[in-house]
Structures are given as C-alpha cells and as structure tokens.
Amino acid sequence: MVDNGKGVARLSGWRVVRFAVLTFVLTIVAHAVAYLAHEYSHSMAAWAFGWMKSPFDIDYGSATPGNILLLGDVSDNVEFAPIIASGAGWQASLIALAGPFVGNGVLFFILDAVSRMDAVRSRRGLQSFVYWLCLMCAGNVWSYVPIRALSTHADIALSAQGFGIPVWLQFPFLMAVSGYIAWHFFRKTFPGVCQNVTHGDPARWLLMAVVTACWFFLFFGAGGMSGSYGAIAWIFSVVSCFLLFPLCAVWLWSTCGLADASSTSASG
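Residues numbered from 1 in each chain as written. Predicted model: local features only at pLDDT ≥ 70, side-chain atom pairs only at ≥ 80, totals over all residues. Heavy atoms only, no water.

From N to C terminus, the protein chain includes ten helices and zero strands. Secondary structure elements of the protein chain, listed N to C terminal, follow the sequence α-α-α-α-α-α-α-α-α-α. A compact globule built from 268 residues should have a C-alpha radius of gyration of about 18 Å, and the protein chain, at 21 Å, falls within 12% of that. For the protein chain, the spread of C-alpha atoms along the three principal axes comes to 80 × 35 × 35 Å. Classification of the 268 residues of the protein chain by burial places 46% in the buried group. A separation of at least 24 residues holds for 70% of the contacts in the protein chain among residues at least 6 apart in sequence. Summing over all exposed atoms, the protein chain offers an accessible surface of approximately 13000 Å²; the carbon and sulfur share of this is 70%. Distance from the positive charge centre (13 side chains) to the negative charge centre (12 side chains) of the protein chain: 15 Å. (Helix = DSSP H or I, 4+ residues; strand = E, 2+ residues; numbered from the N terminus. Rg over C-alpha atoms; globule rule 2.2 N^0.38 Å. Buried < 20%, exposed > 50% of the residue type's maximum accessible area, 1.4 Å probe, protein only. Contact = heavy atoms within 4.5 Å. Areas by Shrake-Rupley, 256 points an atom, 1.4 Å probe, with all protein chains shown as cover. Lys, Arg positive; Asp, Glu negative; His and termini not counted. Charge placed at Lys NZ, Arg CZ, Asp CG, Glu CD.)

Before going further, it helps to spend a moment on the layout of surface pockets. A volume near 590 Å³ is recorded for the largest pocket. Among the secondary structure elements, those contributing two or more residues to the lining of the largest pocket are helix H1 (4-48), helix H6 (124-144) and helix H7 (155-163). Here the residues of the lining of the largest pocket sort into ten nonpolar, ten polar and four charged. Looking at the second largest pocket, the residues that line it are Arg15, Arg18, Phe19, Leu22, Arg124, Gly125, Ser128, Val197, His199 and Arg204. Per-element tally for the lining of the second largest pocket: the top contributor is H1, with four residues. (1 Å grid on protein atoms, 1.4 Å probe; cavity = no way out; pocket = protein on both sides within 12 Å on 5 of 7 lines; lining within 4 Å. Points joined across faces, edges and corners; volume = space filled by probe spheres on them. Nonpolar A, V, L, I, M, F, W, Y, C, P; charged D, E, K, R; others polar.)

Before going further, it helps to spend a moment on the packing of aromatic side chains. Aromatic ring pairs are described here by two measures, namely the spacing of the ring centres and the angle between the planes. The tally for this structure, following the rule as stated, stands at 21 aromatic pairs. Taken together, a centroid distance of 5.5 Å and an interplanar angle of 80° make the contact between Phe49 and Trp90 edge-to-face. Here Phe49, found in the loop between H1 and helix H2 (65-70), pairs with Trp90, found in helix H4 (residues 89-115); they are 41 residues apart in sequence, far enough to count as distant. Assessed through its relative accessible area of 30%, Phe49 is described here as partly exposed. Relative to Phe185, the ring of Tyr131 lies with its centre 5.6 Å away and its plane at 25°, an arrangement referred to as stacked. Note that Tyr131 is positioned in helix H6 and Phe185 in helix H8 (residues 167-197), a separation of 54 residues in sequence. In this arrangement the basic side chain of Arg148 is found over the ring face of Tyr144, its NZ or CZ atom lying 4.2 Å from the centre. (Phe/Tyr/Trp six-rings, centres within 6.5 Å; stacked < 30°, edge-to-face > 60°. Lys NZ or Arg CZ within 6 Å of the ring centre and 35° of its normal.)

Look at H7 against H8: their axes get within 9 Å of each other, and the N-to-C directions meet at 115°. For the crossing formed where H7 meets H8, the hand is right-handed. When H7 is examined against H8, the residues Ile156, Ala157, Ser159, Ala160 and Phe163 are found in contact with a partner set consisting of Val167, Gln170 and Leu174. Partitioned by chemical class, the residues of the contact of H7 with H8 number six nonpolar, two polar and no charged. (Axes fitted to C-alpha atoms, helices over the stretch in contact; angles between N-to-C directions. Left-handed = near helix turned anticlockwise from the far one by under 90°.)

Summed over the entire model, instances satisfying the criterion amount to two salt bridges. Arg116 is the salt-bridge partner of Asp112, the closest N and O atoms lying 3.3 Å from each other. One salt bridge in this structure joins Asp201 and Arg204, with 3.9 Å as the shortest N-O distance. Residue Asp201 is classed as partly exposed on the basis of its relative accessible area of 22%. Under the relative-accessibility criterion, Arg204 is labelled buried at 12%. (Salt bridge = Lys/Arg side-chain N within 4 Å of Asp/Glu carboxyl O.)

Looking at the secondary structure, you find His42 in helix H1. Within the local environment of His42, its side chain forms a polar contact with the side chain of Asp155, the two groups lying 2.9 Å apart. In contact with His42, not counting residues within four places along its chain, are Asp76, Val78, Ile95, Ala96, Gly99, Pro100 and Asp155. (Polar contact = N/O pair within 3.5 Å; in protein donor to acceptor, adjacent residues only side chain to side chain.)

Now for the environment of Met136. Residue placement: Met136 occurs in helix H6. Discounting chain neighbours no more than four positions away, the residues touching Met136 are Thr27, Ala30, His31, Ala34, Trp215 and Phe220.

Across its 27 residues, H4 extends 37 Å between first and last C-alpha, which sits within 8% of the 39 Å expected from 1.5 Å per residue. The largest bend along H4 reaches roughly 55° and is located at Ala98, with the proline Pro100 sitting one to four residues downstream. (Expected span 1.5 Å × (residues − 1). Bend = angle between axes of the 7 residues up to and from the residue.)

So, on to the side chain of Ser115. Its place among the elements puts Ser115 in helix H4. Excluding residues that lie within four positions of it along the chain, Ser115 makes contacts with Val120, Arg121, Gln127, Val130 and Val193.

If you want it as structure tokens, here you go:
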C-alpha cells in the first residue's frame, strides 16, 4: 500500500530542492550581469569624457575559479588620478558615481518596472531572473552607500575627491538615494514578485526570503570588513551582516511569507 502523504511530501521536497538549485544558478548569473553593468558604466562614462579609448577596455582579471564565479578581480580600469590632476575633478566624480548609481541604481528601477509587466509575470523563470538582477543592482548600491561611503578609497571617496569635498558632506545625499532604493526593493519589489515566483509555497517563500537577505545584507554588506576601508566601514559591515541580515530574513518571512501561508491554509 502506497503512503500518498509521504509521496506528496517527497515530491514537494524535490520541488523545493530544484527551486533552490535554480535560484543558485540565477543569482550567480544575475550577480555577473549587475557587476559588469557597474564596471561598464564607469568605463563608458570615462570614454564619453575622452579618458578611455574604448568603453569595453576594462580589466577582466585572471581566470581563477573565484574570478570566474564572482568576478572579484574585474575592475573598471579607469585612471582617476590623471583626471583629477588635470583639473577635471567633476568628471572624475561623475565617472566614479556612474557605477553604483547609473549602472546599478538606474538599472534597478528599470528592472523593477520590467518585473511587473504582464509579459514577464507570465513567465515565472524570467520574472525570477529579473528579480534577482534587481537585488544585485540594489545590493551593489548598498555595498557602496552606506557600507564604504565614509572611507579613503573606492568609488564614493573618489567622487568626494573629484568634487573637492569631504566624504561626510556628500554622504547624506547619497544615503538618501541608497536608502530609497533599499526601501523600494524590500517594500515593493520583493512582495510584488515572490507570490508569483514561489506559487505561494511557504518553503519556497522562506528560501527566497533567506537568500534575498543573505545576498543583500551579508554578501554586499561584508565589503567594509576587508580592503582597509577604515573603522566606520567595518562597523557598517558588522551591523549589516550580523544585525540587519537576520532581522531582514525574519521580517520578510513574518510580514509576507508567513501571512501568505496562513491565508493559503485558511482558504484550503
């Protein structure tokens, strides 16, 4: 005699595993796309101002497993020092800001709008990829502001240097943009996508909530703990990784997934 209950549970378990594997693949690909969009925005801005011969002349790094998987050695290959020394500091600032706020920030809002289109919503795999690309863009912005905004190097510090102002002076303005992107992502993008992508299944929703919080606050939030960004960046990273990450995971589940699961059970 076949135990249908166990069979259904086993089938459901395999579906969650398949969903987890697909999510892993999509997040890795989405991270690569967002990362390259960031670097190409730097190089294209430098090229537009006449400081690079080709907008595609970025440094792709070596063919190591880590670089192939997460592109950790890829950089924009823009020489900022000569630009600032020439007196065109404002151009250096715009080039520096183009990566996080154009290549990732502007792209985030475009993708968020795309994720809500009927043609995308009707294809859950496509909508899932667009969602993860939204996350990677929003997370990239977070990794610079606030995480590494008050430091002596990297894009935000270069922006301040080009404008001839201290990093703390531009921080409130950039933080307002970054904070709004984070708010929009968690309050609008996540709930607007996950119901459709997860089919309302509580296990898939929980997985998506944890993976989302992990990438945003843990992966992108950890940047300040390496690279000699200073004490403030280190503190921001610790708060992001060990406070905001778990709080976000629980909040996404309790306010969205748990409520949805309860309503599904009640309707059943």
